[in-house]
Amino acid sequence: MFLQRFQPQSLKTRVTLLTLLIVVLSFLSLASYMKGLLREELLRFTGEQQRSALNLLTAEVNHGLQDRLDILKTVASRVSPTQVDDQAAMNAFLLERPFLAGLFNSGAMIWNRQGVLQANMQFLKDGLVANALDPQELATVLKDGEAVIGRIHFHSKPNAPAFAMAVPIRNLQGEVIGALAGVIRLDQANFLSQLASHRYGKTGNFFLLDARQRLIFATSDTPRLMEVLPAPGISPWIDRFVQGFEGTARVVNPHGVEVLVSIRQIPLAHWYASVTLAPEETFALIEAIQPRGRLAALVLALFCLTLIWLMLRRQLAPMTAAVNTLDGFVRHNQPPQALPVVRQDEIGQLVGGFNRLLDTLAQQKKVLQDSEIFKQAVLNSVTAEIAVLNRNGVILTVNDAWRRCSQACAAELGQSASSTEVGANYLAACQSVEADPAASGTLSAQDGIQAVLDGRSPRFYLEYTCHSSQQQRWFSMSVTPLQGEALQGAVVSLEDISERIQMEKQVRDLAFYDPLTHLPNRRLALERLTQQLVRARRAQTRLALLFIDLDKFKPINDALGHEVGDWVLHAVAQRIQACLRESDTAARLGGDEFVVLLPDLQTSDAALAVAEKIRAALAQDFVTTQGLVLSISSSIGVALYPDHGETEKDLLRLGDEAMYRAKKSGCNAVQLCVKPLSAPAPEACDPAPKSHVHLRWKAAFASGNPVIDQEHETLFRLANTLLDEAALRRQQPAAFEAAFEALLAHVVEHFAHEEAILLAHGFAGMADHARQHQVLLARAHALHLSALAADAGDATEGELVKFLVTELVAGHMLHTDSAFFPLFATPGVQTLAAPKFSGI
Ligand SMILES: Nc1nc2c(ncn2[C@@H]2O[C@H](COP(=O)(O)OP(=O)(O)OP(=O)(O)O)[C@@H](O)[C@H]2O)c(=O)[nH]1
């Protein structure tokens, strides 16, 4: 249970263990310090005890020696000076004093003044007494009159140590006349035996040593009796003892055992006494209390541990409660609330700080929610459908327009809306997006979005179709990068541009198609003629122009009304188209005039065959729904490039002439152009341009928008026509006026188209651009009015032409218009950076 609740990372556990460690370390340090202190004190105390015991010992030995010397002196004073040389008297003298045997266990002796032994009383009968005193020691007694305690002798017979004590015998004048000595055998009971029979403590011993011989002659450590200590110079401390040191020291004895030794000198006999004790015995007290001390420390540590644990648990209880409360919020998915502050301590401050943090977070969340509401309101306020993608293309958020549109589109196409909902990957959904064929060359939706997400493209724009069985729809897709710190991705904006596309289509139809027959009108016919001529020149192929005029159409109109006339014109157009290939062009020039262009022809006969086919088709009766049978026919003139003419104008003129001849021949006929035998008249056949200044179109002038570029090319062509007509304006003022009108009309129309396209693409400089259009047009009108004035001369007309060609067309188109070229630039295709008007 405890182990289960034991958490090593818990603050309580760590503080408890740390405190326990500190306590244990403190105990160990204190124990170590106290142990050292105790050891020192015990050594000092034991030393003092040793010295006290030693004092008693030395006092006792001294007393024993002094007593014996005093008794010897008393006995010596009783010796009659006259009898010293009398051996019998001296032996009797000693026999009369048996008490000496109690003091000197071996025997007693008397020498005369000459050192001759006079009496020798042996108490042990061992024959040792006579040799107990050295001659030098005897001489010292006899010559110096001093009492002597002799050296310890180790006798071989008997095998026993012994020493003698001698005092001088004096006469009445105080002169030394002999010596009296007593001998003590140490192996027999004597006054020192008592000493050797006692030990000091359990391991301690008493020692008596002869300093002169370094000999232990009495000790309780029996094995060391008669041991000779090492010679001088081997053991410094023994040398110090021998030299008279008194006190206590901790030393290692000659047997390598550490002992605590106390020394005291016995000067009377050149002896010293010592008491030794093993330090272990001194420290036995410490060793004895150590286990109990350890146990007490352990109990104390456990007690501390428990107390600290309980104290921490109590102190940290508010924090644990706060953590559990927070945990509860998380587990039950509740918003965190302010926690109660129980105490004003550090934990209270921590909880207070946390509560303040919660307040700040709540405020930030509110701001974030407001910001989210604001963002969503902004997103929902726009009509475009907007989605925000993350860097993987997953939809993060969408506006209402997106939601509505994706549901409507899905319902219309019978698909699931989930592929464009939040959480879906939009890149996958884009697989089915079909780019508008008119915008060929752009990236696919998937690749374009991926390029923006990868940072390879700063923007992506695409127009695509979303046609269903009910309706045809076009959308624009604009993708811009989103480069926030936390969020990286892209914003996709979809717009329904069906209205614009259809309007553009209508404008294009109105500009280029005949509303009655739905055939290309004169303008488009002339453009196609120009294009096909260019192609025919490049490919060196033939191009045929069929100029068709209906015969006897006016009477139908007059008799049956314009409605029937219109129906006939429409039916004629269908019959002409039915006779043509897909690559051929049929156009209505106006009224009952049609033109057909037949490219890639091998021979003129092929053109005549098609013309004949058309003629035959139109010669068939037309039956209206009311049952009226209408009979018309057609006159067809055929002109060929390069056989008959090389320019549009020549071919049209020659076709018209051939058609005229067909009419002249009786109508319902086909006439091939007849090439004049003589050199052609300059106005009819000269293909060379009338002006020496012309504009030349280059591919690099293209903006990338097909409508704008097509209209720009037309502007170039019309400007060239104006230049040609300007050169002949004196001879043909009406033609010049027509060329001016045609150019200005196209400019007005083109400006309107261009502005509509730029507006749809969100061109930033739109307002300025439109203003420049207005300024140019106003200037053109002003110059034209000046040129029309009766007194205006060539100079004004020249200025008008120059303005129209160089400023209105070339200048504006190649310089001002280049500002919007990047809008239509496709990746990999370089836009016109600095167009050069090199063609003029
Ligand atoms: N219904 C109708 N009539 C038109 C239209 N445009 C021109 N017309 C008429 O077409 C007729 C063309 O005149 P013409 O070319 O002289 O008629 P035509 O009878 O065919 O004479 P030829 O060409 O000499 O045979 C005129 O009466 C115009 O009013 C149109 O859009 N609808």
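Attention here is on the structure that accompanies the text. Computed from a prediction, not measured in an experiment: that's the story for all the values here.

Next up on the list: the overall build of the chain. Counting its secondary structure elements, the chain contains 25 helices and 24 strands. Counted over contacts in the chain with a minimum sequence separation of 6, partners at least 24 positions apart contribute 59%. Accessible area of the chain: about 44,400 Å², with a carbon and sulfur share of 57%.

Once that is clear, we can look at the site of the ligand. L550, K554, N557, D566 and R588 are the nearest of the 16 residues found near the ligand. The contact in question runs from a nitrogen atom of the ligand to an N or O atom on the side chain of N557, over 2.4 Å. Burial of the ligand by the protein amounts to 66% of the accessible area it has alone, namely 650 Å². Listed by contribution, the elements that provide at least two residues to the shell around the ligand are strand 18 (542-551), helix 17 (553-560) and helix 18 (562-578). Considered class by class, the residues forming the shell around the ligand number four nonpolar, four polar and eight charged.

Moving on to empty space enclosed by the protein. A full pass over the atoms with the stated rule returns three cavities of 30 Å³ or more. Quantified by volume, the largest cavity comes out at close to 50 Å³. As for the largest cavity, its lining consists of Q532, R535, A536, T541, R542, L543, P599 and D600. Among the elements that line the lining of the largest cavity, the one with the most residues is helix 16 (residues 522-539), at three residues. Class assignment for the residues of the lining of the largest cavity results in three nonpolar, two polar and three charged.

When the charged atoms of two side chains lie near each other, side chains of opposite charge can form a pair. All told, the structure shown has 28 salt bridges when counted by the stated rule. Salt-bridge contacts for R151 lead to D134; the nearest nitrogen and oxygen are separated by 2.7 Å. Here R151, found in the loop between strand 3 (148-149) and strand 4 (153-155), pairs with D134, found in the loop between strand 2 (117-122) and helix 5 (135-144); they are 17 residues apart in sequence, far enough to count as distant. R615 is paired through a salt bridge with E612; the nearest N and O atoms lie 2.5 Å apart. One end of the pair, R615, and the other, E612, are both in helix 19 (residues 604-619), three residues apart, so they sit about a helical turn from each other. Take R615: its relative accessible area is 15%, and that puts it in the buried class. What you see here is one network of salt bridges that share partners, running through E41, R44 and E48.

With that out of the way, let us pick up the sheet that holds strand 20 (residues 593-601). The mixed open sheet is built from five strands, whose spatial order is 19-20-18-23-24. What marks the edges here is a single partner per strand, and that holds for strand 19 (585-590) and strand 24 (669-672). Pairs of neighbouring strands in the sheet enclose a mean axial angle of 20°, with direction left out of account. Each of strand 18, strand 20, strand 23 (633-641) and strand 24 touches helix 20 (residues 648-664); the most contacted strand, strand 23, lies at about 145° to it.

Right, let's talk about helix 14 (residues 445-453) for a bit. A445, G448, I449, A451, V452 and L453 are the residues of helix 14 that are buried. Buried residues along helix 14 sit against strand 12 (385-390), helix 13 (426-429), strand 15 (460-465), strand 16 (474-483) and strand 17 (488-496). Immediately beyond the C-terminal end of helix 14, within one or two residues, lies G455, with a positive phi of roughly 80°.

Spatially, five strands are ordered 8-7-11-10-9 in an open sheet, and the strand pairing comes out antiparallel. Taken across any chain shown, the strands that pair with only one partner, and hence form the sheet edges, are strand 8 (215-219) and strand 9 (247-252). Here the average twist between neighbouring strands, direction ignored, is 30°. Pairing of strand 7 (residues 205-210) with strand 8 involves four bridges; the strand directions are antiparallel. Looking at the pairing, L209 lines up with I216 of strand 8. In this fold helix 2 (residues 11-77) packs onto strand 7, strand 9, strand 10 (258-266) and strand 11 (271-277), with an angle of close to 35° to the strand it touches most, strand 10.

The linkage connecting Y641 with the following residue, P642, adopts the cis geometry, with an omega of 0°. Among the structural elements, P642 can be located in the loop between strand 23 and helix 20. Although it is not a glycine, M226 adopts a positive phi angle of roughly 70°. With respect to the helices, strands and loops of the structure, M226 is situated in the loop between strand 8 and helix 7 (236-242).

The subject of this paragraph is the packing of aromatic side chains. Here the structure, examined in full by the defined rule, presents 10 aromatic pairs. Among the aromatic side chains, those forming a connected cluster through ring pairs are F763, F820, F821 and F824. Between R39 and the ring centre of F283, over which it is positioned, the NZ or CZ distance is 4.1 Å. Residue placement shows R779 over the ring face of F803; its charged tip is 5.4 Å from the ring centre.

A few words now on the nonpolar core. Counting 46 residues, the largest nonpolar core has L65, F163 and W271 as its most contacted members. In terms of residue count, the dominant contributor to this core is helix 2 (nine residues). Contact partners of F163, with chain neighbours within four places excluded, come to L65, I149, G150, R151, I152, G182, V183, I184, L186, F191, L192 and W271. Formed by 34 residues, the second largest nonpolar core is a distinct cluster that contains L519, V596, A607 and I614.

Our next topic: the environment of K663. As for its position among the elements, K663 is in helix 20. By relative accessible area, which is 25% here, K663 ends up partly exposed. Along the backbone, K663 and D551 are 112 residues apart, and their C-alpha atoms lie at a distance of 7.9 Å.

Its 32 residues place the ends of helix 9 (residues 284-315) 45 Å apart at the C-alpha level, agreeing with the 46 Å of an ideal helix rising 1.5 Å per residue. Its maximal kink placed at Q290, helix 9 deviates by approximately 35°, while the proline P291 follows within four residues. All of the buried residues in helix 9 are I286, Q290, A301, I308 and L312.

Looking now at the pairing of strand 16. Across six bridges, the pairing between strand 15 and strand 16 is antiparallel. Opposite Y461, over in strand 16, you have S478 as the bridge partner. With nine bridges connecting them, strand 16 and strand 17 associate as antiparallel partners. Across the sheet, S478 pairs through a bridge with S493, a residue of strand 17. The turn joining strand 16 and strand 17, which pair antiparallel and follow one another in sequence, is formed by four residues.

Another point: a nonpolar patch on the surface. Where nonpolar side chains cluster on the molecular surface, the patch consists of L18, L21, I22, V24, L25 and L28 and spans about 560 Å² of accessible area. Mapping V24 onto the fold places it in helix 2. Using a relative accessible area of 33% as the deciding quantity, one classes V24 as partly exposed.

The rules behind each value
Residues numbered from 1 in each chain as written. Predicted model: local features only at pLDDT ≥ 70, side-chain atom pairs only at ≥ 80, totals over all residues. Heavy atoms only, no water. Helix = DSSP H or I, 4+ residues; strand = E, 2+ residues; numbered from the N terminus. Contact = heavy atoms within 4.5 Å. Areas by Shrake-Rupley, 256 points an atom, 1.4 Å probe, with all protein chains shown as cover. Near = heavy atom within 4 Å. Polar contact = N/O pair within 3.5 Å; in protein donor to acceptor, adjacent residues only side chain to side chain. Nonpolar A, V, L, I, M, F, W, Y, C, P; charged D, E, K, R; others polar. 1 Å grid on protein atoms, 1.4 Å probe; cavity = no way out; pocket = protein on both sides within 12 Å on 5 of 7 lines; lining within 4 Å. Points joined across faces, edges and corners; volume = space filled by probe spheres on them. Salt bridge = Lys/Arg side-chain N within 4 Å of Asp/Glu carboxyl O. Buried < 20%, exposed > 50% of the residue type's maximum accessible area, 1.4 Å probe, protein only. Pairing = 2+ DSSP bridges. Axes fitted to C-alpha atoms, helices over the stretch in contact; angles between N-to-C directions. Phe/Tyr/Trp six-rings, centres within 6.5 Å; stacked < 30°, edge-to-face > 60°. Lys NZ or Arg CZ within 6 Å of the ring centre and 35° of its normal. Core = buried A, V, L, I, M, F, W, Y, C linked by side-chain atoms within 4.5 Å. Expected span 1.5 Å × (residues − 1). Bend = angle between axes of the 7 residues up to and from the residue. Patch = residues over 30% accessible without salt bridge, like charges linked within 9 Å, V, L, I, M, F, W, Y side chains within 5 Å.

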